[in-house]
Amino acid sequence: MFHTAENIPAATAAGTAERVPRRNRTARLRLFCFHHAGGSPWSFAGWGQHLGRGVEVVPVSMPPRSSAPGGVPGAVSTMDALVREVTRQLTPFLDGPYAFYGHSMGSLVAHGAAQRIVAAGRRPPASFVAGAHRAPHLQAAPGPTVGLSDSASLELLLGLGGAGRLLRESPARMRSVVHRLREDLRVAATHRHPVAGHRPLPCPVHAMLGDRDPLVPTADAEAWRLHTSGPFTFRLLPGGHFFHREDKGRFFAELEDVLWDGVR
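Calculation criteria
- Residues numbered from 1 in each chain as written.
- Predicted model: local features only at pLDDT ≥ 70, side-chain atom pairs only at ≥ 80, totals over all residues.
- Heavy atoms only, no water.
- Helix = DSSP H or I, 4+ residues; strand = E, 2+ residues; numbered from the N terminus.
- Buried < 20%, exposed > 50% of the residue type's maximum accessible area, 1.4 Å probe, protein only.
- Contact = heavy atoms within 4.5 Å.
- Areas by Shrake-Rupley, 256 points an atom, 1.4 Å probe, with all protein chains shown as cover.
- Phe/Tyr/Trp six-rings, centres within 6.5 Å; stacked < 30°, edge-to-face > 60°.
- Pairing = 2+ DSSP bridges.
- Axes fitted to C-alpha atoms, helices over the stretch in contact; angles between N-to-C directions.

### Here we look at the overall build of the protein chain
Right, on to step 1. A count of helices and strands for the protein chain gives eight helices and six strands.
Right, on to step 2. Along the protein chain, helices and strands appear, N-terminal first, in the series β-α-β-α-β-α-β-α-α-α-β-α-β-α.
Right, on to step 3. Here the protein chain, with 264 residues, has 52% of them falling under the buried criterion.
Right, on to step 4. In the protein chain, 76% of the contacts between residues at least 6 apart in sequence involve partners at least 24 apart.
Right, on to step 5. Counting every atom, the protein chain has about 11900 Å² of accessible surface; 52% of that belongs to carbon and sulfur.

Written out as structure tokens, the structure reads:
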């Protein structure tokens, strides 16, 4: 399930293999990264080089998602099942200071995992960072690809900055990415914020949003402040829904700042 961002095996990109990360003995903090809908652990390739050896970047490879019961071995069809499985596999690796970064749908998965970890009486994250997503108690908007053809869905992805030129040039790869995106959005649509028993996380929470994000209103991202009993910051960065790929210097400087703030 885990691997370093500098050495991502192809098998894990589809969430089909498990691998314990090679421990970076010089790292003071382990950063678990949860990818966006339609994405994969490859989304975080190279992050370790930007953040330095003090941070061990560990992309989380989620179990397969499928809305067809029994269609894919080990697949999950609801957000609750997804969070439960991710938490189960994550728990043994929380033996030292760690942080969570979730991008878009990954923020929901990361938040659900953090909630379960804290409820079990285990060490909370040193910092929780949500990128490009509304706070989890807010009603999700309909999936952006609902009713769209594969080609129209890909054009939307390209417009959001979430797909490269190779996808446009490869029909087979296009279909695979669009299918994965739709399955992820169906799973995300099953998310229900608990009315009772929910407690704010006992750690700093930081929300980041692109100033041109067409999917997430600023006020909805700022509402993450309700999900911490500790410090909160909101950072509006230049870019769209995938702002972390646009001005990388600014993004990693901001991310590094909030990560170390949680372990000082």
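Picking up where we left off.
### Comments concerning the packing of aromatic side chains
Right, on to step 1. Applying the stated criterion across every chain yields a total of 12 aromatic pairs.
Right, on to step 2. For the pair Tyr-101 and Phe-251, a centre-to-centre distance of 5.9 Å together with 70° between the ring planes defines the contact as edge-to-face. On the criterion of sequence distance, the pair formed by Tyr-101 in strand β3 (residues 98-103) and Phe-251 in helix α8 (residues 248-261) is long-range, its members being 150 residues apart.
Right, on to step 3. For Tyr-101, a relative accessible area of 0% translates into the label buried.
Right, on to step 4. Assessed through its relative accessible area of 1%, Phe-251 is described here as buried.
Right, on to step 5. A centroid spacing of 5.9 Å and a plane angle of 65° characterise the contact between Phe-243 and Phe-251, whose relative ring orientation is edge-to-face.
Right, on to step 6. Here a set of aromatic residues connected by ring pairs shows up, and it is made of Phe-44, Trp-47, Tyr-101, Phe-243, Phe-251 and Phe-252.

### Details of the side chain of Glu-254
Right, on to step 1. Relative to the assigned elements, Glu-254 resides in helix α8.
Right, on to step 2. Looking at Glu-254, the relative accessible area reads 16%, which means it is buried.
Right, on to step 3. Excluding residues within four positions of it along the chain, Glu-254 makes contact with Met-208, Arg-235 and Leu-237.

### Section: the pairing of strand β5 (residues 205-210)
Right, on to step 1. β5 sits mainly inside the fold: six of its six residues count as buried.
Right, on to step 2. Burial along β5 is two-sided: the face carrying Val-205, Ala-207 and Leu-209 and the face carrying His-206, Met-208 and Gly-210 are both buried.

### Remarks on the sheet that holds β5
Right, on to step 1. Taking strand neighbours across the sheet as the criterion, the six strands line up as β2-β1-β3-β4-β5-β6 in an open arrangement whose pairing is parallel. On the outer flanks of this sheet lie β2 (55-60) and β6 (232-237), each paired with one strand and no other. Taken over all neighbouring pairs, the strand axes of this sheet differ in orientation by 20° on average, direction set aside.
Right, on to step 2. With four bridges joining them, strand β4 (residues 127-131) and β5 adopt parallel strand pairing. From the neighbouring strand, Val-129 faces β5, where its bridge partner is His-206.

### Here's the deal with the side chain of His-244
Right, on to step 1. Counting through the fold element by element, His-244 comes out in the loop between β6 and α8.
Right, on to step 2. Not counting chain neighbours up to four residues away, the residues in contact with His-244 comprise Trp-47, His-103 and Phe-251.

### Section: the pairing of strand β1 (residues 29-34)
Right, on to step 1. When you tally the buried positions in β1, you get six out of six residues, the bulk of the element.
Right, on to step 2. Burial along β1 is two-sided: the residues Leu-29, Leu-31 and Cys-33 and Arg-30, Phe-32 and Phe-34 are all buried.
Right, on to step 3. Where β1 and β2 come together, six bridges link them in parallel fashion. Looking at the pairing, Phe-32 lines up with Val-58 of β2.
Right, on to step 4. In terms of strand pairing, β1 meets β3 through five bridges, oriented parallel. Paired with Cys-33 across the bridge in β3 is Tyr-101.

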